[in-house]
Amino acid sequence: MILAFQLVSFTYIWITLIPNVCAASHIRMTHQRCSSSMKQICKQETRMKKDDSTKVRPQKYEQLLHIEDNDFAMRPGFGGSPVPVGIDVHVESIDSISETNMDFTMTFYLRHYWKDERLSFPSTANKSMTFDHRLIRKIWVPDIFFVHSKRSFIHDTTMENIMLRVHPDGNVLLSLRITVSAMCFMDFSRFPLDTQNCSLELESYAYNEDDLMLYWKHGNKSLNTEEHMSLSQFFIEDFSASSGLAFYSSTGWYNRLFINFVLRRHIFFFVLQTYFPAILMVMLSWVSFWIDRRAVPARVSLGITTVLTMSTIITAVSASMPQVSYLKAVDVYLWVSSFFVFLSVIEYAAVNYLTTVEERKQFKKTGKISRMYNIDAVQAMAFDGCYHDSEIDMDQTSLSLNSEDFMRRKSIRSPSTDSTRIKRRKSLGGHVGRIILENNHVIDTYSRILFPIVYILFNLFYWGVYV
């Protein structure tokens, strides 16, 4: 009986306690799993916090450069010594030189160097930071302008060509790409054999020498140019940098920097376009000295043509030059050449007048004109500038009053006379030189020698003085 009671009790306990034990062990295992996963999560969070603590979040450049903490409307070191601003220039090209406007156009890179401790920032690698044009409006920069400039602009393709570089110690580099058109006070007294000295002047607009000291950063090496820079009308002989002071009665003394360059003009273009045509016109006017003085149309037309051509050359040269009130070298040459051409016309006027006077005197004595020159009537030169037969044409152009006799002789002319006239004209070519020499006026004879000699002496003197 007792044994049966014990067996029933054990069975009841087994049925009651075993599920609870299994549930407790399951809960313990689940708790262990949860605690291990939570530990992993906690470790991950701790690791992430450590990573976040080691990372440096990027700051805005305004915060890094303390832009909001300083007043950049004032220059660095305000109230103390003037801020030094170094300048260097790299000339890219001289685009044009205009004599009419007396200016030049130049494209170059302008670089400024100064120190502003307000822009210093911590840097373990000691690396500089580079910015574009957007930072320029928020910090202090030198206010450099170009004296005597007419037009200037900063290139903006594809963005504004401005570079700002800030170093950790506060040193700043500002670089600009600029094109400037400025005045060049030219002296044309030796044009086109001239040499022009031009300069581009840089100066601070607001800050005088008490606030800003402008200087060349690397001395004479601060000015550099492209190796193969050339111009169509000029040789670029020299580039140099210099400095000085400028005084204004209302504001005081200012530092000023100069970019000086020397230009020597190419002469070959003007030799071909101006000097050589002028020489040809003068020489062409001498041809009239070798034309018979009776050839009035030939000599007059030749003289007028050369005079008008010289006037055209002078007008063309003056149109491309400024209206200066002094005499230029090219003006001297062209006006002297025009004077020689004009003298050749005056020379023939004198020859023609003296010839007429002599003919009238001779006509009063003998009643004939052609005999005073001792010319065969067959080869005489008539007043219209053409050769005529003696028996027919000379009687037509003479001052004989017997016109009826002339008409009678002309009407009875036979065909054989025409053939004989043609033969005589063919043989006339060999006697032209003798005819011209025998019928020269003394003025023509001397002009053939004096005009070339004097013009050659003038050229020697001209080129010796101006070249």
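What counts, and at which threshold
- Residues numbered from 1 in each chain as written.
- Predicted model: local features only at pLDDT ≥ 70, side-chain atom pairs only at ≥ 80, totals over all residues.
- Heavy atoms only, no water.
- Axes fitted to C-alpha atoms, helices over the stretch in contact; angles between N-to-C directions.
- Helix = DSSP H or I, 4+ residues; strand = E, 2+ residues; numbered from the N terminus.
- Parallel < 35°, antiparallel > 145°, perpendicular 65-115°, else oblique.
- Left-handed = near helix turned anticlockwise from the far one by under 90°.
- Contact = heavy atoms within 4.5 Å.
- Nonpolar A, V, L, I, M, F, W, Y, C, P; charged D, E, K, R; others polar.
- Salt bridge = Lys/Arg side-chain N within 4 Å of Asp/Glu carboxyl O.
- Buried < 20%, exposed > 50% of the residue type's maximum accessible area, 1.4 Å probe, protein only.
- Pairing = 2+ DSSP bridges.
- Polar contact = N/O pair within 3.5 Å; in protein donor to acceptor, adjacent residues only side chain to side chain.
- Phe/Tyr/Trp six-rings, centres within 6.5 Å; stacked < 30°, edge-to-face > 60°.
- Lys NZ or Arg CZ within 6 Å of the ring centre and 35° of its normal.
- Disulfide = S-S within 2.5 Å.
- Patch = residues over 30% accessible without salt bridge, like charges linked within 9 Å, V, L, I, M, F, W, Y side chains within 5 Å.
- Areas by Shrake-Rupley, 256 points an atom, 1.4 Å probe, with all protein chains shown as cover.
- Lys, Arg positive; Asp, Glu negative; His and termini not counted.
- Charge placed at Lys NZ, Arg CZ, Asp CG, Glu CD.
- Core = buried A, V, L, I, M, F, W, Y, C linked by side-chain atoms within 4.5 Å.
- Domains from an automatic or database assignment.

(A) The arrangement of the packing of helix 4 (residues 296–319) against helix 5 (residues 329–366) in detail. As a packed pair, helix 4 and helix 5 sit with axes 10 Å apart at the nearest point and diverge in direction by 165°. Here helix 4 is positioned roughly antiparallel relative to helix 5, judged by the angle of their axes. Like other packed secondary-structure pairs, helix 4 and helix 5 cross with a definite hand, here left-handed. Contact with helix 4, carried on its side by Val296, Arg299, Val300, Gly303, Thr306, Val307, Met310, Ile313, Ile314 and Val317, involves Val330, Leu334, Trp335, Ser337, Ser338, Val341, Phe342, Val345, Glu347, Tyr348 and Asn352 of helix 5 and no other residues of that element. For the contact of helix 4 with helix 5, the residue count by class is 14 nonpolar, five polar and two charged.

(B) Seen up close, the pattern of salt bridges. If you walk through the whole model with that rule in mind, you get 16 salt bridges. The residue aspartate 103 makes a salt bridge to lysine 150 at a minimum N-O spacing of 3.3 Å. Of this pair, aspartate 103 sits in strand 2 (residues 103–115) while lysine 150 sits in strand 5 (residues 149–154), placing them 47 residues apart in sequence. Judged by relative accessible area, which is 6%, aspartate 103 ranks as buried. Salt-bridge contacts for arginine 137 lead to glutamate 160; the nearest nitrogen and oxygen are separated by 4.0 Å. Taken as a pair, arginine 137 in the loop between strand 3 (129–131) and strand 4 (144–147) and glutamate 160 in the loop between strand 5 and strand 6 (162–166) lie far apart in primary sequence, 23 residues in all. Judged by its relative accessible area of 33%, glutamate 160 is partly exposed. One salt-bridge network, held together by shared partners, links Glu99, Asp194 and Arg265.

(C) Fine view of the sheet that holds strand 11 (residues 234–248). Pairing is antiparallel in the open sheet, where four strands are placed in the order 4-8-12-11. Unpaired on one side and paired on the other, strand 4 and strand 11 mark the two borders of the sheet. The sheet shows a mean angle of 25° between the axes of neighbouring strands, taken without regard to direction. Across four bridges, strand 4 lies against strand 8 (residues 195–204) in antiparallel orientation. When the bridges of strand 8 are listed, isoleucine 144 appears paired with serine 204.

(D) Spotlight on the side chain of aspartate 194. Relative to the assigned elements, aspartate 194 resides in the loop between strand 7 (171–183) and strand 8. Within the structure, the side chain of aspartate 194 is placed 2.6 Å from the side chain of glutamine 196, a separation counted as a polar contact. There is a polar contact of 2.7 Å between the side chain of aspartate 194 and the side chain of arginine 265. Setting aside its immediate chain neighbours within four residues, aspartate 194 contacts Asp187, Phe188, Leu263, Arg264 and Arg265.

(E) Seen up close, the packing of aromatic side chains. A complete count under the given rule lists 25 aromatic pairs for this structure. An angle of 80° between the planes, with centres 5.5 Å apart, marks the rings of tyrosine 248 and tyrosine 254 as edge-to-face. Assessed through its relative accessible area of 30%, tyrosine 248 is described here as partly exposed. Three or more aromatic residues link up through ring pairs in this structure, and these residues are Tyr275, Trp286, Phe289, Tyr333, Phe340, Phe451, Tyr455, Phe458, Tyr462, Trp463 and Tyr466. The ring of tryptophan 290 has arginine 448 sitting right over it, with the charged end atom 4.1 Å from the ring centre.

(F) Expanded view of the state of the cysteines. This structure, assessed with the given rule, holds one disulfide. Disulfide pairing is shown between cysteine 184 and cysteine 198; the S-S distance is 1.8 Å. Since a negative S-S torsion denotes a left-handed disulfide, the cysteine 184-cysteine 198 link at about -80° is left-handed. In this pair, cysteine 184 sits in the loop between strand 7 and strand 8 while cysteine 198 sits in strand 8, placing the two residues 14 residues apart along the sequence. A relative accessible area of 4% means that cysteine 198 is categorised as buried.

(G) Region of interest: the environment of phenylalanine 289. The residue phenylalanine 289 is located in the loop between helix 3 (268–285) and helix 4 in this model. Sequence separation of phenylalanine 289 and isoleucine 449 is 160 residues, and the distance between their C-alpha atoms is 9.9 Å. For phenylalanine 289, the contacting residues outside a window of four places in its chain are Arg299, Ser344, Glu347, Asp444, Ser447, Arg448 and Phe451.

(H) Looking closely at the pairing of strand 7. Counting buried positions along strand 7 yields ten of 13 residues, so the element is predominantly enclosed. Sheet topology note: the strand 2/strand 7 ladder contains 13 bridges and is antiparallel. Within the sheet, the bridge partner assigned to tyrosine 109 lies in strand 7 and is arginine 177. As paired strands, strand 5 and strand 7 are joined by five bridges and run antiparallel to one another. When the bridges of strand 7 are listed, arginine 151 appears paired with serine 181. Here strand 6 hands over to strand 7 after four residues, with glycine 170 in that stretch at a positive phi of 100°.

(I) Structural context of a positive patch on the surface. Together, Arg360, Lys361, Lys364 and Lys365 make up a region of like positive charge exposed at the surface. Within the secondary structure, lysine 361 is located in helix 5.

(J) Fine view of the nonpolar core. Among the nonpolar cores identified, the biggest contains 78 residues, and Phe108 and Leu164 are the most heavily contacted of them. With seven residues, the single largest contributor to this core is strand 1 (residues 83–98). For this core, the two domains that each supply at least three residues are domain 1 (61–265) and domain 2 (270–362 + 456–466). For phenylalanine 108, the residues in contact, after removing those within four places along its chain, are Val89, His90, Val91, Glu92, Phe146, Leu176, Arg177, Ile178, Val180 and Leu200.

(K) Fine view of a nonpolar patch on the surface. Together, Ile449, Ile453, Ile456, Leu457 and Leu460 make up a nonpolar patch on the protein surface, roughly 500 Å² of accessible area in all. With respect to the element layout, isoleucine 449 can be found in helix 10 (residues 442–466).

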